[in-house]
Amino acid sequence: MPAPSAAEKVAILTTGGTFDKYYSVAGEMEIDEPTVGPILDLAATNLDTEVRSVVAIDSLDMTDEHRAQIAEALEETDARRVVITHGTDTMPETSEFLRERPEAIKGKTIVLTGAMQPSCMRLTDAPFNLGAAVAAAQLLEPGVYISMSGRIFEAGSVAKDRSRGVFVAK
Ligand code: ASP
């Protein structure tokens, strides 16, 4: 598929994960507001984006009810190009869940991404991963993908290698 000539809107659905974690004043790791807005501002992109927080949780706590909320948000957006920020631990499971929801994903290119280090840290992979996912969402055919570790994987063909902290084909 050629890259769209007039850039289409990209919806960014946020769900939490390490991407949005920070240390509270009490020294606890917490997840609050999505951090993709400031990252997009810093990148000075003039892409039309729509950011929506669906849930804000560690993906180890992600249930199928949460996943159904993500599917609902996909049905609700008119954007055909969607990035979902998500915790890395269960990102493959969510991508597979969504792949089985044809009514939610029909005609859409959906790219999940996350971060191994919180976006608020100086040494973080979050902006790189978000940028790669936004680009991938504009270029790939409709379907469900994961963009992590500088690579693109189709849902169902990817796993997180916890010992190395990278996503690999399975
Ligand atoms: N436990 C975190 C999560 O899956 C890990 C991460 O995001 O990298 O939400």
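Everything below is about the structure printed above this text.
A short tour of the structure in this document, coming up.

Analysis parameters
- Residue numbers here run from 1 along each chain, matching the order of that chain's written sequence.
- Totals for whole chains, interfaces and linings use all residues, but because this is a predicted model, local features are given only for residues with pLDDT of at least 70 and pairs of side-chain atoms are given and counted only at 80 or more.
- Side-chain metrics rest on all non-hydrogen atoms present in the structure, leaving aside hydrogens and water.
- Only DSSP runs of H or I with at least four residues qualify as helices, and only runs of E with at least two residues qualify as strands; both kinds are numbered from the N terminus onward.
- Burial classification: accessible surface area is computed with a 1.4 Å probe over protein chains only, and a residue below 20% of its type maximum counts as buried, one above 50% as exposed, and the rest as partly exposed.
- Any two residues whose heavy atoms approach within 4.5 Å at even a single point are treated as in contact.
- Exposure above 30% relative accessible area and no salt bridge define the residues that can form patches, which grow by joining like charges within 9 Å and nonpolar side chains of Val, Leu, Ile, Met, Phe, Trp and Tyr within 5 Å.
- Surface accessibility in these figures is a Shrake-Rupley result with a 1.4 Å probe; residues are shielded only by whichever protein chains are displayed.
- Salt bridges are defined by distance alone: a side-chain nitrogen of Lys or Arg within 4 Å of a carboxyl oxygen of Asp or Glu.
- Where helices are involved, their axes are fitted lines through C-alpha atoms of the stretch in contact, as for all axes, and angles between N-to-C directions lie from 0 to 180°.
- Note on angle classes: values under 35 degrees are labelled roughly parallel, values over 145 roughly antiparallel, values of 65 to 115 roughly perpendicular, and the remainder oblique.
- By the convention adopted, Pro, Cys, Tyr, Trp, Phe, Met, Ile, Leu, Val and Ala count as nonpolar, Lys, Arg, Asp and Glu as charged, and the other residues, Gly among them, as polar.
- The cutoff for a nearby residue is simple: one of its non-hydrogen atoms must lie within 4 Å of the molecule or strand.
- Under the rule applied, a polar contact is a pair of N or O atoms within 3.5 Å (in protein, one hydrogen donor and one hydrogen acceptor; residues adjacent in sequence only if both atoms are side-chain atoms).
- The rule is short: rings of Phe, Tyr and Trp, with Trp giving its six-membered ring, pair when the centres are within 6.5 Å, and they are stacked under 30 degrees, edge-to-face over 60, tilted in between.
- Put simply, a charge is over a ring when the Lys NZ or the Arg CZ is close to the ring centre, within 6 Å, and near the line of the ring normal, within 35 degrees.

A short note on the side chain of T113
Here's step 1: With respect to the helices and strands, the residue T113 is situated in strand β6 (residues 109-113).
Here's step 2: Residue T113 is classed as buried on the basis of its relative accessible area, which comes to 0%.
Here's step 3: The residues contacting T113, other than those within four sequence positions of it, are V83, I84, T85, H86, M91, N129, L130, A133, S147 and M148.

Quick word on a nonpolar patch on the surface
Here's step 1: Judged by side-chain polarity, Y23, M29 and M121 come together as a nonpolar surface patch covering roughly 300 Å² of accessible area.
Here's step 2: On the secondary structure map, M121 appears in the loop between β6 and α5 (126-139).

A few points about the packing of helix α1 (residues 36-43) against α5
Here's step 1: Contact pair α1 / α5: the axes reach a minimum separation of 11 Å and the direction vectors enclose 80 degrees. In terms of orientation, α1 lies roughly perpendicular with respect to α5. Contacts between α1 and α5 involve V36, I39 and L40 from the former and A126, P127 and L130 from the latter.
Here's step 2: For the contact of α1 with α5, the per-class residue count stands at six nonpolar, no polar and no charged.

Considerations on the site of the ligand
Here's step 1: G17, T18, K21, D58, S59, L60, G87, T88, D89 and A115 make up every residue found near the ligand.
Here's step 2: With respect to the ligand, the backbone of T18 contributes an N or O atom lying 3.0 Å from an oxygen atom.
Here's step 3: A distance of 2.5 Å separates an oxygen atom of the ligand from a polar atom in the side chain of T88.
Here's step 4: Here the ligand has 270 Å² of accessible area as a free molecule, and 93% of this is covered by the chains.
Here's step 5: Tallied by class, the residues present in the shell around the ligand amount to two nonpolar, five polar and three charged.

Remarks on the packing of aromatic side chains
Here's step 1: Evaluated as defined, the whole model comprises zero aromatic pairs.
Here's step 2: Between R101 and the ring centre of F97, over which it is positioned, the NZ or CZ distance is 3.7 Å.

Quick notes on the environment of L13
Here's step 1: Tracing the chain through its elements places L13 in strand β1 (residues 10-16).
Here's step 2: Exposure remark for L13: the relative accessible area of 1% places this residue in the buried category.
Here's step 3: Between the C-alpha atom of L13 and that of P34, which follows or precedes it by 21 residues, the distance is 9.2 Å.
Here's step 4: Among all residues touching L13, those that are not within four sequence positions of it are R52, V54, I70, A73, L74, V82, V83, I84 and T85.

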